[in-house]
Each structure stands twice: as C-alpha cells, then as structure tokens.
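# Survey of secondary and tertiary structure
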Amino acid sequence: MEFHPEFERAGKEAGLQVWRVENMDLAPVPESLYGQFYTGDAYVVLNSTSNRRGDLQYDLHYWQGSECSQDESGAAAILAVQMDNFLQGAPVQYREVQGHESSTFSGYFKTGLTYMKGGVASGFNHVVTNEVEVQRLLQVKGRRVVRATEVPVSWESFNQGDSFILDLGQEIIQWSGSHSNRFEKLKATMVSKSIRDNERCGRAKLQVVDEGAEPEKMIEVLGEKPDLPESHSDDTQTDVSNRNVAKLYKVSNAGGDMEVTLVSEQNPFSQDALESSECFILDNGTNGRIFVWKGKDANSDERHAVLQSSEKFIQQMHYPPYTQVQVLPEYGETPLFKQFFRNWRDAEDSVGMGTAYVTNKVAKIEKVPFDVSKLHQSDSMSAQYGMVDRGDGEKKIWRIEGSDKVLVEPASFGQFYGGDSYLILYQYQHSGRQGHIVYIWQGAESSQDETGASAILAVKLDDELGGGAVQVRVVQGKEPAHLMSLFGGQPMVVYKGGTSREGGQSKAAETRLFQVRSNPAGDTRAVEVDPSSSCLNSNDAFLLVSSSGSWLWKGRSSSAAEAKGAEHLAEILQVTPALLEEGEEEDAFWEVLGGKEDYCHSSRLNNKMDAHPPRLFACSNKTGNFQMEEVPGELTQDDLTPDDVMILDTWDQVFVWVGNEAHEEEKMEAAASAERYINTDPAGRDPRTPIVTLKQGFEPPTFTGWFLGWNHDYWNEDPLERFMQAL
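For clarity, every value in this text was computed on a predicted model and none was experimentally measured. (Residues numbered from 1 in each chain as written. Predicted model: local features only at pLDDT ≥ 70, side-chain atom pairs only at ≥ 80, totals over all residues. Heavy atoms only, no water.)

Another point: the overall build of the protein chain. For the protein chain, the helix and strand inventory stands at 15 helices and 34 strands. Across the 727 residues in the protein chain, those meeting the buried criterion constitute 55%. Residue pairs in contact within the protein chain that sit at least 24 positions apart in sequence constitute 68% of those at least 6 positions apart. Here the protein chain has roughly 31,300 Å² of accessible surface; of this, 46% comes from carbon and sulfur atoms. Across the protein chain, 67 positive and 111 negative side-chain charges occur, with their mean positions spaced 2 Å apart. (Helix = DSSP H or I, 4+ residues; strand = E, 2+ residues; numbered from the N terminus. Buried < 20%, exposed > 50% of the residue type's maximum accessible area, 1.4 Å probe, protein only. Contact = heavy atoms within 4.5 Å. Areas by Shrake-Rupley, 256 points an atom, 1.4 Å probe, with all protein chains shown as cover. Lys, Arg positive; Asp, Glu negative; His and termini not counted. Charge placed at Lys NZ, Arg CZ, Asp CG, Glu CD.)

Printed below as a string of structure tokens:
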C-alpha cells in the first residue's frame, strides 16, 4: 500500500505535529501557528510522547471545524486511519469537534485555541507574516480551556462579561468587559501576547484596556460604543453526577452492516470481557464520550471501520454529534478507559516494565526513587510517595470525648481504637518552610456525634493556628503513608473496636488477626481485621493471636519492614509468635482461622502514577447540579484559580484546594464535593479514600510536587499584574 509522503515525517521524535487537510491532501502548519484553526477546515494532529520505557507512544487526533465540508471531514478521517496504519496501529485515535475538544487535545495548547473564519476553500492560509492588512475581532471565553473565536467586527459582537481582542495587524487591542473576571482576563492576555509574539513575530503593539477606557483607534474602527448586554451565557457544562454510568458493547461488521451486542450494562466491567479477536464500544455517552477498543487480532476491515462504527453508534443512541470519540489499540489503553474496569492489569504490571501509555499530564513529571535522606528537599518525591517529611516533627494527639478533645499520653501514641475518633496535630519542615497538618482519624465504630465533633474541632484548631493548616480526613483502615511514619519506628496499631478511655476498654476478642503493611519509608501500620483466612494477602505480614497460640505469617511478597513491624506488634501485645512462611502453614494455624479459604495472591501495582495520573478539576455546586471541569494538559500553578475550589485527585488521596476568593458556600461544600467526586468515579473508588483540605498559600509538598515549577511566592503579587508587567 502506498502511503502519503508526509507520513515519513510523522512521529519520528517526541513532540507535536499539525497538518491541515487541503483538497484531500496534508499540508503542515508552521509551529508558531499551532493552536489556530480555520472553522471551515479539518486538521490532523499527532502528539508523540516518550513513555517510561523510552518507546514512543502516539495520540492521533482529527479535528473538524464547525463549517468544515463533509468531504474535508471525511478526508481527515481517512488520512488519520492511514497514518494509524503507517504507525502500525499504535496510536490512540480521537475525533475532535470544534468547541468540544477532549482534554488531551486542549492540553497541547495551554494558551488557548483560536478559531478563525474561513478555510482552504475561501483562500485562507496559515502563514507567518508581518502583514498589516488585518482586521478581525476575537471573543475569548473559558477558564480551563480558553477558546478565542472570530466574530464579526462590530459592537454587536461585544458584551460586558467577556474579553475581546481587536486585531488590526500592527496594533492589537485587548478589551475586557466590566463584568469579566480577573482570571479570564489573564487568560485573554496570554492569547493576545501569543498573537503578537508568534503571528506578528513581536512586531505589533499590544494595548490592554478595560470597558470605558476605549482608545481612539477602537472607536475609529467600530464607531461609537453603544450600551452593551451583560453577557451571553452558553454554558455547555453538564451535571456530572452520572459520569460513572457506562455500558459495554461488542461491535461486529461481518456482513458489512454494523451489529452491536450488549456485553455488560453495568460498570466496573471485567477486563476478561474484552476479546483480542473483536472490537468493542464502551459507551459513556451520558458523560459526552465513547471509547472504541480494537482487539489486536480483530479482522482488518473491522479495525479500519471503527471510526465509522463510532459515528453510526452516536447517531443510533441519539447522542449529540460532538460526542468525543477515543479509539484505543489493545495494550495502548488510556487511564480514562481503564477506570471503567475492575482491577485493570497491564501485561507489564507483573514484569515491572511500567505502563505502556503515559498521559501528557505526567509525561514531564520524572519518576523519582524513594530516598529518605532527600525527602525534606524534594517536592516531587513528597508528592509521589505521599510523605511531607520523615515524620520526626512535633506532634500532639487528642481523643474526642463528647464534644471536646482530651490530650493522649505520649506513651500510647500510635495506638488507635475503632470506637474512638482522634485529632493529630503535626508540624512539618520542608525546604526551609514549616506548616501544620491536622489529621482527623475517625474510627469505624466511633459514634456519629464524635465523628461530627472531630470535624468541628479540627476547624477550630485550624483557626487557632491562623487558618493555614492542611486538614486530612482519615477513615479507619485507609491511613495515608505519612501518618504511619509519626511513631518513631513503632507500628501504627489500629484496633478493630474498643476505646482508649479510662475504664472504657472492651474485652479483647478471643482470636485476633492483624494485617501489617509498610509505606515507602519502611514504617508500618497494623490493622486488626476479621480473623478469617480470606483476609490474608501475599503482599503483607500478619500476626494471629489466639488462646491456643500465636503466629507471625509472612506473605511471599511481603517486605522485611513488614515482618519487623509484626515483631514490634507482638511485643506491644506481649505474645511470642511462631514464625510461618506462606505455604508452610501448620494445621493449627488454619483451624484458628476457621479453615483455609482463598485469599489475595496477586502482586500490588507499583506504577500508580502512570496507571492513575493526577487529575485536576474545578468543582461547583452553584446551580444545584454537581459540575466538574477538568484542567487539560500538564499541571501548572496558574491552573489554580483563586475564586474556585479545585480537586486534585492523585488516587491514593484526594486534595481539595480552597482559593482565597472562593464563595463562602463553596468553601463549606468543599469536602462534600470531594466525597461526591469519589462516589461518582467510574472506577468504583473506595469511599474511605483520604480527603485532604488545604488553603491557597499553605500548600504542602505532597500537593505542590504534582505541579511543574511551583513557586511559593506566586500569590504574593496578583498574577494578572505580574503578567502585564512582563508584556
């Protein structure tokens, strides 16, 4: 088969490449004009990324403008399929529609997307010029994904809520309405600067003005300014409470007609449902996207027809025509797709080669090996391992009693009872800065009143500390890595029930089983679990205590630190256990556990960051609908908007970042938003996942380490003013 000559340049090295479809042909777009699209055209965009193994992986998009002809759009789809073939079926393919682009696509253009009127058919070309014969008006909208759309050059296009860019060639005037928001103004200024620097090679004069201060040139072009409407709201955000609803279909094209068979109507699905000899559609259309999975042994006609199949499917289901489509080759699945499956395992997981597909969120975040001695300096290490420091800072612990808190004696630090709730105040030092963390530990059998009191007392404690403490909600059994390291080499012990109050201890059960697991620093946590063999796990060590004997059981994949933690626990419980390796158990051991049952043998995932890359969302409950908007691309500090509450999901914990200018009710709702987020996650997340609440300006390194180039002085000065000074 003959391939297009442009394919020879495609995906040779890491980076972005953009082509416009011109008369069924591909024409490369100059790099300085990336992010600008004619609404009458179709484009092919290829992003090549080097994954953790050093191999190139590809995201291949074909984009269609709102006024693009069916022929051009069809040609773009065909060229994308041919490029996919040329790259041996390795790319993940995306269908992109103007105004509804995927966050992967928007993430390539952090300064925004610009839509210009016209296209090839009307003689408009992508050229870098110093031409002065330009007169156009762009309307800038959006907070996460910034879109600048060309509108008629007239006051009728204006409103008071948005920013506009009047581009006159040698002069660029950016105008912001009296109701426009500072953050959107900052984003608009980035677009204007990009036009000046990239399109005009820095030779145009840029003026930034507010409504009421229109320069003469603007009045000369547009005429006298009339009264303007407040703003045209066309908020396309949908309620995402049902983002976890999905169905799985098998697609067959055997007789030339597409046949779709329902495989499962409820997620999480089983990975075994995907057969290598078939193609499947994962339908998450209620959330605006569908995924097509191509089995590696599916017949080539079916593999080539997947894009047409997806379009037919969208029509059949009466979904909007702009529904996002992602086409995935077997072994090239993205985290967004995997989240719909129960315990997805990559072929590489067992070999430890690292995930095949790395999203552009983490492509530039280097994986750092854990090293205790460097922990207090490295934000990335803190973030990737969930440890602000080594745990040797000052600490105080209180037990909640009624509506008050009572100090716990240092002698019993590290012992937590399921019938209690506790507050732990910790002072950390990192890179010369210090901060406070308040852990709110809630026992599974703690009364509702005391659980509620623990949250109220934590807020009170935060106020006493000046309002900058990081608050971490911890539910029994889901203790974060750092909390385990606070007890000076002793294990953190979590007893199933009971209380540590004077005279309140309940009698310990006859038979007790403790699961001992370590964190990256080798600190351990021992949690009391049901005394049943089904609770054993090959990755951990266990201590079994009964009237007829005690055993220290070491799972095949458990570490020396876990065995050591179990020995410490035996000292605390004053027992001398017999040592048992997994597979060499004696009958008495199984008898005490009520017989031998099946338990978890599979090894634990090591590559969490690639399997579950960090994701940042702005959340709002303002309209009564729960709305979330994901921030595309690599995470940078300017993605955090001071008038919002944002959620950073790093899988092991969910951070709620509260901006200084957020609405009071949004601040109050912040933790509830995080719970709602976890509960609506398609991956069927553990509702006990730790929730960390923090305020702007008091971010710990476990948070800042996920952002590229964090600067602690960033908010000391208004980001908009700083950007304006640099213009």
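Moving on to the sheet that holds strand S8 (residues 136–141). Taking strand neighbours across the sheet as the criterion, the seven strands line up as S3-S7-S9-S8-S10-S11-S12 in an open arrangement whose pairing is mixed. With partners counted over all chains shown, the strands left at the sheet margins are strand S3 (36–38) and strand S12 (205–210), one partner each. The average undirected angle you get between the axes of adjacent strands in this sheet is 20°. Here strand S11 (residues 171–176) pairs with S12 via six bridges, running parallel. Note that in S12 the partner of Trp175 across the bridge is Val209. On the sheet, helix H3 (residues 182–199) packs against S3, strand S7 (113–116), S8, strand S9 (147–151), strand S10 (163–167), S11 and S12 and is oriented at approximately 175° with respect to S11. (Pairing = 2+ DSSP bridges. Axes fitted to C-alpha atoms, helices over the stretch in contact; angles between N-to-C directions.)

Further remarks concern the pattern of salt bridges. Opposite charge on two side chains permits them to pair, given that their charged atoms come into close proximity. Per the counting criterion, the structure on display carries 40 salt bridges. For the salt bridge of Asp84 with Lys294, the shortest nitrogen-to-oxygen distance reads 3.1 Å. Of this pair, Asp84 sits in helix H1 (residues 70–86) while Lys294 sits in strand S16 (residues 289–294), placing them 210 residues apart in sequence. Taken as a pair, Asp84 and Lys294 share a single burial class, namely buried. With a shortest N-O distance of 1.8 Å, Asp718 and Arg182 are connected by a salt bridge. (Salt bridge = Lys/Arg side-chain N within 4 Å of Asp/Glu carboxyl O.)

In this model, H1 (17 residues) spans 24 Å end to end at C-alpha, consistent with the 24 Å of a helix rising 1.5 Å per residue. Regarding H1, the residues found buried are Glu72, Ser73, Ala75, Ala76, Ala77, Leu79, Ala80, Val81, Met83 and Asp84. Just past H1, the residue Gln88 takes up positive phi, approximately 60°. (Expected span 1.5 Å × (residues − 1).)

Attention shifts here to unusual backbone geometry. A cis amide bond links Asn267 with the next residue in sequence, Pro268, at an omega value of 0°. One non-glycine residue with positive phi stands out, namely Met24, at about 65°. In this fold, Met24 is placed in the loop between strand S1 (15–22) and strand S2 (25–28). Judged by its relative accessible area of 47%, Met24 is partly exposed. For Gln574, which is not glycine, the phi dihedral falls at a positive 55°. Within the secondary structure, Gln574 sits in the loop between helix H10 (560–573) and strand S29 (578–581). The class for Gln574 is exposed, based on a relative accessible area of 72%.

Let's shift gears to the pairing of strand S13 (residues 247–252). Sheet topology places S13 next to strand S15 (residues 279–284); five bridges connect them, and they run antiparallel. What sits directly across from Lys250, in S15, is Phe280. Both S13 and strand S14 (residues 259–264) contribute to a ladder of five bridges, which runs antiparallel. Its bridge partner being in S14, Val251 is matched across the sheet by Val260.

A separate point is the confidence of the model for the protein chain. The predicted model of the protein chain averages 86 in pLDDT, with 92% of residues at 70 or higher. Residue range residues 349–355 is modelled with pLDDT below 50. Its contacts to residues more than four positions away, or to other chains, number 13 contacts. (pLDDT = per-residue confidence, 0-100.)

This paragraph deals with the environment of Leu56. For Leu56, the location among the structural elements is in strand S5 (residues 56–64). You can call Leu56 partly exposed: its relative accessible area is 29%. Dropping the residues within four chain positions of it, Leu56 is found in contact with Gly11, Lys12, Glu13, Ala14, Ser48, Thr49 and Ser50.

This next bit is on the nonpolar core. In this structure, Phe589, Leu640, Phe703 and Phe707 are the most contacted members of the largest nonpolar core, which totals 68 residues. The leading source of residues in this core is strand S27 (residues 541–546), at five residues. Not counting residues up to four positions away in its chain, the partners in contact with Leu640 are Leu616, Met646, Trp657, Phe703, Phe707, Trp710 and Trp715. Formed by 35 residues, the second largest nonpolar core is a distinct cluster that contains Leu46, Phe313, Ile314 and Val327. (Core = buried A, V, L, I, M, F, W, Y, C linked by side-chain atoms within 4.5 Å.)

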